[in-house]
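# Secondary and tertiary structure notes
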Amino acid sequence: MTRKLVAITLLLAGLGSGLPAAAAGGIKLRAQAPIYVDSKGVALSAPEGVAFGAGSAIAVSDTGSGRIATFRTGAGGITPIAEFKLAEVPYPTRLRITSKGDLLVLDGRSRRIARVAADGAFKGWVDPGAGGDPVVRGFAIDRQDQLFLLDVSVPRVIVADLSGKPVREIPLPAGRSFFSDVAVGSRGDVFVLDSVGHQVYVVRSGSTDVTPLGGSLAEELEFATTLAVADTGHLFVVDQYGDGVVILGPDGSFQGRQGMMGLREGFLRYPSAIAYDPAGFVYIADRANNRVQVFAIAQ
Amino acid sequence: MKTRLILSLVVAAVAFAAPAAGQTDEAKYKLKPGAKGKTCLNCHVQFQETMKQPFVHTPVKMGECSDCHSPHASSHGKLLAEDPDRICATCHAAMVPAGAKSAHPDAVKGQCTKCHDPHASANKGQLVAGGSALCFQCHGDLGKAVEAATHKHAPVGKSCLGCHDPHASKDAEHLLTKSAPALCLDCHKTDAPAFRTAHLNYPVAKSDCASCHDPHGSGRAGILWASVHPPVANRMCANCHYEATSPDAIKTKKQGLDGCRGCHSELLNQTLALNRVHWPVLDERACLNCHRPHASKAGKLLAAPEIKVCGSCHSDVARQAVESAAKHAPVADGTCSACHSPHGSNTVLLLNAADSTAVCSSCHDWSKHSSHPIGPEVVDPRNKNARVDCLSCHDVHGSPFKYITWQDKKMDLCVGCHQDFRR
């Protein structure tokens, strides 16, 4: 609440400035031109997911329109590539890109992950063969195309191959928490976000111990739902209800908060996903603003 | 010579610095007899009446006013010798044990005089009122409910202290002297035939009695909570649990969603077919994240009033609802479901209509005929992909500003879009 008041005050002070970010330690996010439309010039609608991957591809779940839009980023900026709808995925939400450029898309209605070629061809389902009846809330993929499926039914992280065949499981702490997202770092560390407990947990590479990464973020977050890891080990935690991004150091230390509620470029409204681009950008599915915001990571 | 001088100085210093042990304050400070308090009554004559009351605070009885008051001057009101919130603890330090599982907020804050008269009263413990009446001065709603209950829990009529410790409970929630069921079993014998019959021979001795019963009394037989799950009301425990004779009698036959699916399949099928299911519905506790399986004080078997249930996860929104000066009526009423579908929805934010404008229009129908232009055709000048809707100007969960607007003055709000008019 206090943060919202501060945000409103800053908003008033900074109307039209285009860069509402408050200082975030050594890292700042500088707003670039957002993605508003797909390859056919159709406006995005409530995009829920965004991913970056092989070939500098950006994939967007244009959830409100029930379709997927793809883009490519390069020296000339971001270029729209394609857009498609899939009968199997009527309500695309979160998505990832494999090392071969295929898309993995979580469908909100069936709550299954579809494997989709870059041209939009449906290639099958990722069916976690783990015991029970997994309910995947979020998922991540590492550079070896190993999947990390956040199963909220238990809760646990199922590590699986691209078909869903489980390799191992990481049990998550039970209690009055709710896990919303999982991310995997370039060194194999797995990060899990507890939205209700305002806590990021880490499972270090080669370990199954789930430990809190840094302290509670209760003072920093309203209701965070997704996260991404930079190659430096910094984490970007998207605070959906707080309309911002909290940046954590590799040790979980709070480095600062960027973004605030607003409609102008650089502001966020109910951001719902974030993707990290090693070239020095993050892409944020700015859901209620019907666009994907692009931020350059500045030290 | 020098050594003798030093010794003399040391002896003198010790003599002046520390009055002899065992010496009374009267002697130490050369006070007149009674100056620690009895002399006070020469002026404060009304205290002679106070001291005639049946229960008098020991220092008062002993005429030791200066135990609590500084006779000359003080930094605190009423010449108290210490901060009013701390002075009682100078003698009564352990009223709230460290690590107490529950504690009375007033006791924690040291606001002892809310319940106790520091001088004297007609009630034991110098309480300002007797019995449960004192508790109901603050817990008025509970008092009314107790009075209205047609099926009363006998101990409640006697005193709240039969079950509660008014200061803190080291091991139990709600200031209970013991956790349920141990507390309940002090009076209720589980092997008594009537008890066994009432519970259909289920071995409930280790169960939480309050999962079905309202310990403060109820309008229902068996002091069941107001809202009862029909299988419980109809004594059909075996609908969900194994038979009473089973070694697993207390366990449910099915867990999670499957446990509820048998009766609520239609609701579940409708919910699971939606674009967005509220995620807790799908976790291992499923329905029990929000609902109680047996009985509840709240409607729809909710585990607590709606705002508390929702706020147990969405504490950010609940806090905003409480702290905002301007409140949206459904938020002030704590009815999140006025706008949201708690099980699932086809729209973002689990709205219970196709979009936010439709949600608002269900109450504010004027928005359809006389309002600022809103709707899919009205592009928000701040964002070419956004359309003007109610949320463009209003923060529906609460705001510091009148009409729950995002910004303070109408001009600030309006020039966010109408920049030509910015001054």
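This text goes with the structure placed above it.
Residues and elements named next belong to chain A. Pairing in this open sheet of four strands is antiparallel, and the strands run 6-7-8-9 from one edge to the other. The open sheet terminates on both sides in strands that have one partner only, identified here as strand 6 (92–97) and strand 9 (122–126). Taking the axes of each pair of neighbouring strands and ignoring which way they run, one obtains an average angle of 25 degrees across the sheet. Across four bridges, the pairing between strand 6 and strand 7 (residues 103–107) is antiparallel. Considered in strand 7, the bridge of arginine 96 is made with leucine 104.

Further remarks concern the sheet that holds strand 22 (residues 271–277) of chain A. Residues and elements named next belong to chain A. Across the sheet, four strands lie side by side as 1-24-23-22; this open sheet has antiparallel pairing. Looking at which strands have only one partner, the edges of the open sheet turn out to be strand 1 (28–31) and strand 22. Geometrically, the sheet is characterised by an average inter-axis angle of 30 degrees between neighbouring strands, direction not taken into account. For strand 23 (residues 281–286) and strand 24 (residues 291–298), the ladder comprises six bridges, and the chain directions are antiparallel. Within strand 24, the residue paired with alanine 285 across the bridge is valine 292.

A few words now on helix 13 (residues 256–272) of chain B. Residue and element names in this part refer to chain B. The end-to-end C-alpha distance of helix 13 is 14 Å, clearly below the 24 Å that 17 residues give at a rise of 1.5 Å each. Within helix 13, the axis deviates most sharply at histidine 264, by approximately 110 degrees. Among all positions in helix 13, only Leu257, Leu268, Thr271 and Leu272 are buried. Of the surrounding elements, those touching the buried residues of helix 13 are strand 6 (276–277) and strand 8 (344–345).

Quick notes on the rules
- Residues numbered from 1 in each chain as written.
- Chains lettered and ligands numbered in written order.
- Predicted model: local features only at pLDDT ≥ 70, side-chain atom pairs only at ≥ 80, totals over all residues.
- Heavy atoms only, no water.
- Pairing = 2+ DSSP bridges.
- Helix = DSSP H or I, 4+ residues; strand = E, 2+ residues; numbered from the N terminus.
- Axes fitted to C-alpha atoms, helices over the stretch in contact; angles between N-to-C directions.
- Expected span 1.5 Å × (residues − 1).
- Bend = angle between axes of the 7 residues up to and from the residue.
- Buried < 20%, exposed > 50% of the residue type's maximum accessible area, 1.4 Å probe, protein only.
- Contact = heavy atoms within 4.5 Å.

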